[in-house]
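Letter by letter, the chains look like this.
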Amino acid sequence: MAQKKPEKLIDEKDVRLDGRGLKELRPMKIEVGVLGNADGSAYIEQGKNKILAAVYGPKEAHPKHLAIPDRALLRCRYHMAPFSVEERKSPAPSRREVELSKVIREALEPAVFVEYYPRTSIDTFVEVLQADGGTRCAAITVASLALADAGIPMRGLVAACAAGKVEGRLVLDLDDIEDKEGEADLPLAWMSHSNAITLLQMDGSLTLDEFGQAVNMAVEGCKQIHGLQKETLKAKYVAVKEEVEE
Amino acid sequence: MPAFYERREIVTPGDLLAEDNYVAGDNTYKEDGKIYATRVGLVGYDDRKVFVVALKAFYVPFIGDMVIGKVVEVGLGSWIIDINAPYPAVLRASDAFNRPFKPQRDDMLQILDVGDLVMAKIIAYDRTRAPLLTVREPELGKVERGQIVEITPTKIPRVIGRKGSMITMLKQRTNCQITVGQNGVILVSGRSPEDEQLAVMAIRKIDEEAHTSGLTDRVTQMVRSEKRGVEHGSKET
Amino acid sequence: MKYPIMIRVKQKQIAQLVSLGKRLDGRGLNDYRGIQLEVGVVGRAEGSARVRLGKTEVLVGTKIELGEPFPDVPNQGVLTVNAELVPLASPTFEPGPPREDAIELARVVDRGVRESKAIALEELCVEPGKKVFIVFVDVYVLNHDGNLIDASALAALAALLNTKMFNYEVKEGKIEVKPGYKPLSVKNYPIAVTFAQIDDKLVVDPWLEEEQVMDARITITTDKDGKICALQKGGYGYFTTQQVLEAAKIAKEKAEELRKLVVKG
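Residues numbered from 1 in each chain as written. Chains lettered and ligands numbered in written order. Predicted model: local features only at pLDDT ≥ 70, side-chain atom pairs only at ≥ 80, totals over all residues. Heavy atoms only, no water.

Caption draft 1: Focus on the sheet that holds strand β10 (residues 201–204) of chain C. Here eight strands make up an open sheet; going across it, the order is β7(A)-β6(A)-β8(A)-β9(A)-β12(C)-β11(C)-β9(C)-β10(C) and the pairing antiparallel. Among the strands making up the open sheet, the edge pair consists of β7 (169–172) of chain A together with β10 of chain C. Sheet twist, expressed as the average angle between the axes of neighbouring strands with direction ignored, equals 20 degrees. Relative to strand β9 (residues 196–206) of chain A, strand β8 (residues 184–191) of chain A runs antiparallel, the two being bridged by six bridges. Residue pairing for β9 of chain A: Asp185 of chain A is matched across the bridge by Asp203 of chain A. On the sheet, helix α1 (residues 95–108) of chain A packs against β6 (158–166), β8 and β9 of chain A together with β11 (216–222) and β12 (228–234) of chain C and is oriented at approximately 140 degrees with respect to β9 of chain A. (Pairing = 2+ DSSP bridges. Helix = DSSP H or I, 4+ residues; strand = E, 2+ residues; numbered from the N terminus. Axes fitted to C-alpha atoms, helices over the stretch in contact; angles between N-to-C directions. Contact = heavy atoms within 4.5 Å.)

Structure below.
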């Protein structure tokens, strides 16, 4: 089903196509510990995005020559299911997926105490089951939870969210059509530790001033997501507690 | 010198636990005078030490730990043992033979083959080398029979209980020998399969409900009622 | 790839110098290495440029071919950027399919050209939905001494400015090549400026040893109007918001300097 491009993505009252305000995140649902085999796992729905993440390790690095003598090798594979987008995506990894795997890994690595487990590997797998814009950010949010669920020691959780410019206005958490039709997209990952920006990319066109505003807007979005991440992790164990105490 | 959480409150990685003159304990890190959690878990205090009891973690070898592992490789003069840790462990043939190993004389497969289960103690480990095992103590060595239960390693202390209360209760009430590997592998051996099955069920329950209070009582009750059921059922047949 | 092992003393030396505002090769924190640019170095290519950034050396060649447009943009030509980390350029480069850093390099260069709308792709349409021109930009790294992104982006822009299109006419759906050439129309001049973060300080144009000790890297591409058109963070460290904003400001200034080397007049 091809979507027809609407005339306007944001109306005169600053309401977006899906009813959101300019600085509003899409509805989100997160779960942790969703897969049986993985050492850690998590699932996220952010708008129409549906993404699964699993973590295996730390374990002996294979092939062995990849092992790093003084820290763990953090690996990440971001992959889109063939049915996740409108036109079937070939299951072979595209150049885009290779790049995203790299930047996602580099967004997560500042949070992980890789120096604790030299010569091992920690493997993170992200499968996008359904995509609707901002999948790399949602992937980071969910992968960071999968790492925590695997019991990997971390400096903090990493939350990610994009800001961008659509029809002349700065907006938070762009969906697919806003990303495609908009003027700029700026995905950003943030970790509470040191107020760190661990992923930053942009394409489109922004003035220096707009850029500064967009960065701050994205950081604010990440802080909201970070709150949700913490709640989700805590809720999982509170649930176990309550179930028994009844 | 504030502390921000109550004892046994759940925290997540990056949560600020305490400031100033606290000491960083397990599953925490200190930076610029602040102590943060590194894992999901329950906060604990021990005098000035802040720590987190991890709700989920993997096994990290520790010298002196008794572990139960699987032989995955027979090498030249040593076995590689998978002990559910980030690093595979090594057991030297000379240790198992209790004399210098001579390949022309000693057949390693006579002692341990791939797929065998072995009970061993960690005698060396420093993160740069593979953990080194020994079997030169009574009760250690190849495991010949019994049932294996694998649980989250962080829950081993609950299986043992305060001053061994849980495990003592389990052993008495199920008539089973229960050997706890610190790496989360537990070996149960009893006189009848029913006894073993009961012990396994009890351990699974502990794994699921480890971080709740009144656990020993609930497990005791479960064992008691299950046992009655088994006896009752056997009478009917 | 072998994991590079850095001598600890050297690591300290570099970090210490940077904290004093100095660098091993005598540059200031915001200085580029010497840049040499040659264009038209490969006759067979439609356009080409060779950039030497200190000892880093990159050759970019462009080719133009006829092909099919993407179905979602039937009336636009196609831009394809590819990067090869040629094995002769470094002991750490090996033959084989492109590694992730080669793919990232190509995509960062691509993003700068594409997002600044440097090439008017709609002018490259011959027959909507059927025939368009494809512009291939091939980045060939010849010597790796750090900051491949800036060198490649600069060489790519220079090569595009050097690119000649053949003249043609469309007659009854057939394309007839006519004598003579016209330059490829280039509308914008994106310039990438890369920073390395070492010991919480930003340095412009990191060379190889600085890249080996850096915590993180950020590339900011600005267009001729000083607007940011592409951005990429790399490396396993992080930046603070202030650092990012500061980098954006410096990137804009530096890009103006570099642009003068490529765009004459």
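Caption draft 2: Spatial organisation of the interface of chain C and chain A. Residue-level contacts link 33 residues of chain C with 37 residues of chain A. Taken over both partners, the interface formed by chain C and chain A buries close to 3,200 Å², and the fraction arising from carbon and sulfur atoms is 57%. There are four salt bridges connecting chain C and chain A. Among the ionic pairs, Arg111 of chain C bridges to Glu99 of chain A, the shortest N-O distance being 2.6 Å. Counting across the interface, chain C meets chain A through 18 residue pairs in polar contact (both at pLDDT 80 or more). When residues of the side of chain C that touches chain A are traced back to their parent elements, those giving at least two are β4 (78–85), α2 (100–115), β11, β12 and α5 (241–262) of chain C. Top contributing element to the side of chain C that touches chain A by residue count: α2 of chain C, with eight residues. The residue makeup of the side of chain C that touches chain A, split by class, is 15 nonpolar, seven polar and 11 charged. Across four bridges, β9 of chain A lies against β12 of chain C in antiparallel orientation. Along β12 of chain C, the bridge assignment pairs Gln201 of chain A with Gln232 of chain C. (Buried area = accessible area lost by both parts, 1.4 Å probe. Salt bridge = Lys/Arg side-chain N within 4 Å of Asp/Glu carboxyl O. Polar contact = N/O pair within 3.5 Å; in protein donor to acceptor, adjacent residues only side chain to side chain. Nonpolar A, V, L, I, M, F, W, Y, C, P; charged D, E, K, R; others polar.)

Caption draft 3: Layout of the packing of aromatic side chains. Tallied over the entire structure, the rule returns 11 aromatic pairs over all chains. Considering the side-chain rings of Tyr87 of chain B and Tyr125 of chain B, the 6.0 Å spacing of their centres and the 50 degrees angle between planes classify their relative orientation as tilted. Placement of the pair is Tyr87 of chain B in the loop between β9 (78–82) and β10 (89–92) and Tyr125 of chain B in the loop between β11 (117–124) and β12 (132–134), with a sequence separation of 38 residues. The pair formed by Tyr87 of chain B and Tyr125 of chain B is uniform in burial state, with each residue classed as buried. One Lys or Arg, Arg71 of chain A, reaches over the ring of Tyr236 of chain C and ends 4.2 Å from the middle of that ring. Sitting over the face of the ring of Phe58 of chain B, Arg39 of chain B holds its NZ or CZ atom 5.1 Å from the ring centroid. (Phe/Tyr/Trp six-rings, centres within 6.5 Å; stacked < 30°, edge-to-face > 60°. Buried < 20%, exposed > 50% of the residue type's maximum accessible area, 1.4 Å probe, protein only. Lys NZ or Arg CZ within 6 Å of the ring centre and 35° of its normal.)

Caption draft 4: Here's a closer look at the sheet that holds strand β16 (residues 185–190) of chain B. All names here are of chain B. Pairing within the open sheet is antiparallel, and its three strands lie in the order β14-β16-β15. The sheet is open, and its two edges are formed by β14 (147–150) and β15 (176–180), each paired on a single side. Each strand of the sheet is rotated relative to its neighbour by a mean of 20 degrees, with strand direction disregarded. Both β15 and β16 contribute to a ladder of five bridges, which runs antiparallel. The partner of Cys176 across the bridge, within β16, is Gly190.

Caption draft 5: Examining the pattern of salt bridges more closely. Residue and element names in this part refer to chain A. Counted according to the given criterion, the structure contains 53 salt bridges over all chains. Between Lys64 and Glu60 there is a salt bridge, with the nearest N and O atoms lying 3.7 Å from each other. Note on Lys64: relative accessible area 56%, which makes it exposed. Here Glu60 falls in the partly exposed class, since its relative accessible area comes to 28%. For Arg155, the salt bridge identified is with Glu115, shortest N-O distance 2.8 Å. With Arg155 in the loop between α2 (135–149) and β6 and Glu115 in the loop between α1 and β5 (120–130), the pair connects residues that are 40 residues apart, well separated along the chain. Taking relative accessible area as the criterion, Arg155 reaches 16% and is therefore assigned buried.

Caption draft 6: Fine view of empty space enclosed by the protein. All names here are of chain C. As enumerated under the stated definition, the model contains one cavity of 30 Å³ or more in all. For the largest cavity, the calculated volume is near 60 Å³. Val108, Val109, Gly112, Val113, Ile149, Ala153, Leu157, Pro190, Ala192 and Thr221 together form the lining of the largest cavity. At the level of elements, α2 and α3 (148–161) are the ones that each hand at least two residues to the lining of the largest cavity. Looking at the lining of the largest cavity element by element, the count peaks at four residues for α2. A breakdown of the residues in the lining of the largest cavity according to their chemical character gives eight nonpolar, two polar and no charged. (1 Å grid on protein atoms, 1.4 Å probe; cavity = no way out; pocket = protein on both sides within 12 Å on 5 of 7 lines; lining within 4 Å. Points joined across faces, edges and corners; volume = space filled by probe spheres on them.)

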